[in-house]
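Geometric and topological summary
Residue strings, one per chain:
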Amino acid sequence: TQTTRPQRMLAAVQKNATRGDPRSVVKAIDQFCRQKEWAMNVGDEKGCILDSVVTEVNPATVLELGTYCGYSTVRIASLLPSNAKLITLEFNPDYAAIARQVIAWAGLEDKVQLVEGASGDWIPKMKEKFGIETFDLVFLDHWKDRYLPDTKLMEECGLLRKGSILLADNVICPGTPDYLEYIRNSPRYKSQYFKSHLEYTKVEDGLEKSVFLG
Ligand SMILES: O=C(NCCO)c1cc(-c2ccc(F)cc2)cc(O)c1O
Ligand SMILES: [Mg+2]
């Protein structure tokens, strides 16, 4: 029976990457996506921008919305200090099953908590279920029509503090127009656009980095 693209991506990681070596996992996925099959990982070009933001923020608590196969999860977790906590939410159980194995291959399972379910259901439970006060960094990379409602929900749930950073993928392609309009016009955020390209293509895309001002 037919395998899925995430399953073929995992097979490429297990074939070409070294267990316990996150950089080799990232490289194996990028090679698979460039040479074999396009897939919606943040990719190497935007991934470098993500890395620089993670390094600059040096977060103790990170929320990733949208795990997919765990590519950005591995990029972020590999840069975190040992006591830091990364919670990643994935709605699709098939994606989550692959991501767990990719994260394990990279040897990062102790830094990552992958939660299956809808962001709108889980965001209000973050404090009680995971002992989170606020997030230092949020990476938005899930359904593009959920960026805005989930950002408002995080504000309402008191999960953002003065200085919390939101980094949003795909603000041009596929695009998140309502989120961009809100975050760029809100007096509660200071935003900056990082121009780049849609993963593995020449199509324009970019990351929007926003600081919550409290
Ligand atoms: O839907 C996305 N993510 C949430 C589901 O896991 C997503 C889609 C695309 C994309 C797809 C199809 C196309 F033609 C162009 C872009 C790219 C991304 O980086 C993404 O994160
Ligand atoms: Mg994306």
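Residues numbered from 1 in each chain as written. Chains lettered and ligands numbered in written order. Predicted model: local features only at pLDDT ≥ 70, side-chain atom pairs only at ≥ 80, totals over all residues. Heavy atoms only, no water.

A few points about the pairing of strand β1 (residues 61-65)
With 5 of 5 residues buried, β1 is to be regarded as a mostly interior element. Pairing geometry for β1 and strand β2 (residues 85-90), over 5 bridges, is parallel. Paired with Leu63 across the strands is Ile87, a residue of β2. With helix α4 (residues 71-77) bridging β1 and the parallel β2, this β-α-β connection has right-handed handedness. (Buried < 20%, exposed > 50% of the residue type's maximum accessible area, 1.4 Å probe, protein only. Helix = DSSP H or I, 4+ residues; strand = E, 2+ residues; numbered from the N terminus. Pairing = 2+ DSSP bridges. Right-handed = clockwise from strand over helix to strand, strands pointing away.)

Describing the coordination of the magnesium ion (ligand 2)
In a perfect tetrahedron of four donors around a metal, the angles come out at 109.5 degrees. In a perfect octahedron of six, they are 90 or 180 degrees. In this structure, Asp141 (OD), Asp169 (OD) and Asn170 (OD1) serve as the protein donors to the magnesium ion (ligand 2), at separations of 2.0 to 2.2 Å. Sequence spacing of the donors to the magnesium ion (ligand 2): D-x27-D-N. Taken together, the residues span a long stretch of sequence, with Asp141 in the loop between β4 (135-140) and α8 (147-156) and Asp169 in the loop between β5 (160-168) and α9 (171-175) at a distance of 28 residues. Across the pair, Asp169 and Asp141 agree in class, each one buried. (Donors = N, O, S within 2.8 Å, 3.2 Å for Na, K, Ca; no water.)

Things to note about the packing of aromatic side chains
Note on aromatic pairs: each is described by the distance of the centres and the angle between the planes. Within the structure shown, the criterion is met by 6 aromatic pairs. Centroid distance Trp122 to Phe130: 5.9 Å. Interplanar angle 40°. Geometry classified as tilted. Measuring from centroid to centroid gives 5.6 Å for Tyr147 and Tyr179, while their planes differ by 85°, and the two rings are edge-to-face. A residue pair is termed long-range when its members are at least 10 positions apart, and Tyr147 in helix α8 and Tyr179 in helix α10 (residues 177-185) qualify at 32 residues. (Phe/Tyr/Trp six-rings, centres within 6.5 Å; stacked < 30°, edge-to-face > 60°.)

What to know about the site of ligand 1
Neighbouring ligand 1 are the residues Trp38, Met40, Asp141, His142, Trp143, Lys144, Asp169, Asn170, Cys173, Pro174, Leu198 and Glu199. Computed on the free molecule, ligand 1 has an accessible area of 480 Å², of which 72% lies beneath the protein chains in the complex. The residue makeup of the shell around ligand 1, split by class, is 6 nonpolar, 2 polar and 4 charged. (Near = heavy atom within 4 Å. Areas by Shrake-Rupley, 256 points an atom, 1.4 Å probe, with all protein chains shown as cover. Nonpolar A, V, L, I, M, F, W, Y, C, P; charged D, E, K, R; others polar.)

With respect to the nonpolar core
Among the nonpolar cores identified, the biggest contains 43 residues, and Met9, Val25, Ile29, Val74 and Ile76 are the most heavily contacted of them. Listing elements by their share of this core, those giving two or more residues are α1 (5-16), α2 (22-35), α3 (43-57), α4, α5 (93-105), β3 (112-116), β4 and β5. Sequence-distant contacts of Ile76, defined by excluding residues within four places in its chain, comprise Leu50, Val54, Val62, Glu64, Leu86 and Phe139. Residues Leu63, Ile87, Trp122 and Phe135 belong to the second largest nonpolar core, which totals 28 residues. (Core = buried A, V, L, I, M, F, W, Y, C linked by side-chain atoms within 4.5 Å. Contact = heavy atoms within 4.5 Å.)

What to know about unusual backbone geometry
Here the amide bond leading from Cys173 into Pro174 is cis, since omega sits at 5°, within 30 degrees of zero. Structurally, Pro174 is set in helix α9. Non-glycine residue Asn170 carries a positive phi angle of around 65°. You can see Asn170 is positioned in the loop between β5 and α9. On the basis of relative accessible area, Asn170 is assigned to the buried category, the value being 4%. Of note, Tyr200 is a non-glycine position whose phi angle comes to about 65°, a positive value. By secondary structure assignment, the location of Tyr200 is in the loop between β6 (189-197) and β7 (204-212).

Structural notes on the side chain of Asp136
Counting through the fold element by element, Asp136 comes out in strand β4. A distance of 2.8 Å separates polar atoms of two side chains, one belonging to Asp136 and the other to Arg161. Not counting residues up to four positions away in its chain, the partners in contact with Asp136 are Val57, Pro59, Ala60, Thr61, Arg161, Gly163, Ser164 and Ile165. (Polar contact = N/O pair within 3.5 Å; in protein donor to acceptor, adjacent residues only side chain to side chain.)

Comments concerning α8
In terms of burial, α8 is largely enclosed, as 7 of its 10 residues are buried. If you check which residues of α8 are buried, you get Tyr147, Leu148, Asp150, Thr151, Leu153, Met154 and Glu155. Downstream of α8 by a residue or two, Gly158 has a phi angle that is positive, lying close to 65°.

Brief notes about the environment of Thr151
Structurally, Thr151 can be placed in helix α8. Look at Thr151 and you get buried, because its relative accessible area is 0%. If near-sequence neighbours (up to four positions away) are discounted, Thr151 is found in contact with Leu140, Leu166, Tyr179, Ile183 and Tyr189. At 2.7 Å, the side chain of Thr151 forms a polar contact with the backbone oxygen of Tyr147.

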